Amino acid sequence: MEQDALGVAVIGCGRIGGLRANLSAAHPGVNFLALSDRSRTRADVLAQKTGADLVTTDNLLAIRDDRVGAVFISTPEHDHRDSVIQALEAGKAVFVEKPIAFSLEDADAIIDAVERTGSELRVGYSRRHDRRWMLAKEQILQGRLGEILGIQSRVYNTRAQLLEILKRAPDATPVNDVLTYYVDMACWYLDGIRPVEVVARAQSKVFKAMGHKAADVTWAIITFDNGAVVNLGISYVLPATYPTVGQSSRFEIIGDEGVILLDADNKDSLLFTDRGAPHSYVPDHNINMMFMQTTSAADFAVGDYWGAVASETRSWLDHLMTGRPSSHTEPRAARRTLAITLAIEEAARTGASVKLPA
Ligand SMILES: NC(=O)c1ccc[n+]([C@@H]2O[C@H](COP(=O)([O-])OP(=O)(O)OC[C@H]3O[C@@H](n4cnc5c(N)ncnc54)[C@H](O)[C@@H]3O)[C@@H](O)[C@H]2O)c1
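The structure presented is a predicted model; accordingly, all values stated were derived computationally and were not measured.

What counts, and at which threshold
- Residues numbered from 1 in each chain as written.
- Predicted model: local features only at pLDDT ≥ 70, side-chain atom pairs only at ≥ 80, totals over all residues.
- Heavy atoms only, no water.
- Phe/Tyr/Trp six-rings, centres within 6.5 Å; stacked < 30°, edge-to-face > 60°.
- Helix = DSSP H or I, 4+ residues; strand = E, 2+ residues; numbered from the N terminus.
- Buried < 20%, exposed > 50% of the residue type's maximum accessible area, 1.4 Å probe, protein only.
- Pairing = 2+ DSSP bridges.
- Axes fitted to C-alpha atoms, helices over the stretch in contact; angles between N-to-C directions.
- Contact = heavy atoms within 4.5 Å.
- Salt bridge = Lys/Arg side-chain N within 4 Å of Asp/Glu carboxyl O.
- Near = heavy atom within 4 Å.
- Polar contact = N/O pair within 3.5 Å; in protein donor to acceptor, adjacent residues only side chain to side chain.
- Areas by Shrake-Rupley, 256 points an atom, 1.4 Å probe, with all protein chains shown as cover.
- Nonpolar A, V, L, I, M, F, W, Y, C, P; charged D, E, K, R; others polar.
- Domains from an automatic or database assignment.
- Buried area = accessible area lost by both parts, 1.4 Å probe.
- Expected span 1.5 Å × (residues − 1).

Peer 1: Is there a simple way to think about the packing of aromatic side chains in this case?
Peer 2: What characterises a pair of aromatic rings is the spacing of the ring centres plus the angle enclosed by the ring planes. Per the stated rule, a full pass over the model turns up eleven aromatic pairs. Here Tyr125 and Tyr181 contribute two aromatic rings whose centre-to-centre distance is 6.1 Å and whose plane-to-plane angle is 90°, an arrangement assigned as edge-to-face. Taken together, the residues Tyr125 in the loop between strand E6 (121-124) and helix H6 (131-141) and Tyr181 in helix H8 (residues 174-189) connect sequence positions 56 residues apart. Measuring from centroid to centroid gives 5.2 Å for Phe300 and Tyr305, while their planes differ by 65°, and the two rings are edge-to-face. Residue classification places Phe300 among the exposed positions, given a relative accessible area of 55%.

Written out as structure tokens, the structure reads:
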């Protein structure tokens, strides 16, 4: 299915849609770019930066344009379903940001549309496309760990970033919006092995006092059907000016013949400046000290974009143009990840273990 040129539409022209649009505009195979956002101003500003060919507030107009073959859905988490289904029904290849949706009902409606239309859908679990995690997958594929016995991972970020996320998605929590990346990777590494049970505990003080349902700290254990145990934790309650500007994490994989230890706190990538530096995600939030590689999406530097979302976007466009296999998350895997994050929240809320259906 090789093709010489590809038209792209980006629905949702915010932070991540902006990255997708800039990266698409710079891709040598992309010959047409359509942008749609419910805010005309946002779409217009991005169109000026990218030289887009079509700018609209009518998502369907962009999706159905005959010159468009591939569609990025970069709207907020709770607002993926309609545009994804419309694009699948229009016969376009679709890439939706993570999580696939916030509810299993929405995820099932999307998967139904994938099966009905036969159109391709991939989900933006960009953490996989950070070189560290991609190399870990390769070592596992080469059998260097033997059988995986367990995984432990935890991710930290500041309360400033969670409060920014809540502005676009009031139902977001650190678990359904961020730990979801780490659930995706754990299941990717344990490919073919079924998660069966979740236990979790959470502490809620700071965000609760602000009126949010997000917990301050959540720890979970997921058991797989071969007995493998995966311990995942998250806290987005670190002080607002702590130097992380995205995700600071550890990810450790223990096999019966080997081990991988990923230290992604990025404390070794330090900037300190008296002038203050802008936060990559939170507007008007200048900080003096920054762990530079913690931006989890991608950074602009010296004329181009670098980081997980840049690699992920380019490789999806390459995949569409060349037919080469890709490592992007498939819809059923994204649905399973959603079911696990929902189970983590339920287990933390009730204190009971949650069995995961087959
Ligand atoms: N992979 C990553 O690194 C990463 C990082 C952050 C966010 N995300 C994901 O990207 C998605 C968007 O997050 P963001 O940070 O870009 O949000 P954002 O608020 O910056 O952008 C969302 C944009 O969508 C527009 N919009 C909202 N509803 C719309 C609709 N129905 N039709 C058209 N436009 C609409 C808004 O006006 C806004 O411009 C979310 O799913 C989020 O989880 C991914």
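Peer 1: Would you take a moment to explain the sheet that holds strand E1 (residues 6-11) for this structure?
Peer 2: Two pairing modes exist for strands in a sheet, parallel and antiparallel, and in both the strands are linked by backbone hydrogen bonds. Spatial strand order, E3-E2-E1-E4-E5-E6: six strands in an open sheet with parallel pairing. Edge positions in the sheet fall to strand E3 (54-56) and E6, since each has one partner strand and no second. Mean inter-strand twist for the sheet, computed between neighbouring axes without regard to direction, equals 15°. Here strand E5 (residues 93-97) pairs with E6 via four bridges, running parallel. Residue Val96 lies in a different strand from E6, and its bridge partner there is Val123. Here helix H1 (residues 15-26) sits on the sheet and contacts E1, strand E2 (30-36), strand E4 (70-73), E5 and E6; the angle it forms with E2, its principal contact strand, is near 160°.

Peer 1: Hey, could you run me through the pattern of salt bridges in this one?
Peer 2: When the charged atoms of two side chains with opposite charge come close together, those side chains can pair. Taken as a whole and assessed by the stated rule, the structure comprises 23 salt bridges. A salt bridge links Arg250 to Asp265, with the nearest nitrogen and oxygen atoms 3.1 Å apart. One end of the pair, Arg250, is in strand E11 (residues 248-255); the other, Asp265, is in the loop between strand E12 (259-264) and strand E13 (270-278), with 15 residues separating them in the sequence. Here Arg250 falls in the partly exposed class, since its relative accessible area comes to 27%. The class for Asp265 is buried, based on a relative accessible area of 5%.

Peer 1: Even after reading the chapter, I still don't get the side chain of Ser83, so can you show me in this structure?
Peer 2: Topologically, Ser83 is positioned in helix H4 (residues 81-89). Contact partners of Ser83, with chain neighbours within four places excluded, come to Ile11, Asn59, Ile63 and Ile73.

Peer 1: Help me out: how do you make sense of the site of the ligand in this one?
Peer 2: Around the ligand there are 25 residues in total, and Asp37, Arg42, Glu77, Ser126 and Tyr281 lie nearest to it. For the ligand, an oxygen atom lies 2.9 Å from a polar atom in the backbone of Ile16. Within the side chain of Asn59, one N or O atom sits 3.0 Å away from a nitrogen atom of the ligand. Considering the ligand on its own, with 860 Å² of exposed area, one finds that the protein chains cover 92% of that surface. Elements supplying a minimum of two residues to the shell around the ligand: H1 and H8. Taken together, the residues that form the shell around the ligand break down as seven nonpolar, eight polar and ten charged. When residues are assigned to domains, the shell around the ligand turns out to be shared by domain 1 (6-124) and domain 2 (128-298 + 338-355), each giving three or more.

Peer 1: Help me understand the domain arrangement of the protein, please; the structure alone is not making it clear to me.
Peer 2: Interface size is often expressed as the accessible area that is lost when the parts come together. Segmentation of the protein into domains returns domain 1 (6-124) and domain 2 (128-298 + 338-355). For domain 1 versus domain 2, the separation of C-alpha centres amounts to 26 Å. Contacts between the two partners involve 15 residues from domain 1, matched on the other side by 16 residues from domain 2. Taking both sides of the interface into account, the surface hidden between domain 1 and domain 2 amounts to around 1,200 Å²; carbon and sulfur atoms contribute 64%. Along the contact surface separating domain 1 from domain 2 lie three salt bridges. At the boundary of domain 1 and domain 2, one finds four residue pairs in polar contact (both at pLDDT 80 or more). Those elements that provide at least two residues to the side of domain 1 that touches domain 2 are H1 and helix H5 (104-117). No other element matches H1, which puts three residues into the side of domain 1 that touches domain 2. Its residues assigned to classes, the side of domain 1 that touches domain 2 comprises nine nonpolar, three polar and three charged.

Peer 1: Mind showing me how you'd approach helix H10 (residues 308-322) here?
Peer 2: Three- or four-residue spacings in an α-helix give side chains the same orientation, since the helix completes a turn every 3.6 residues. Look at H10: 21 Å from first C-alpha to last across 15 residues, which is about the 21 Å you get at 1.5 Å a residue. What H10 keeps buried is the set Ala308, Val309, Ala310, Glu312, Thr313, Trp316, Leu317, His319, Leu320 and Met321. The positive-phi residue at the C-terminal boundary of H10 is Gly323, with phi of around 80°.

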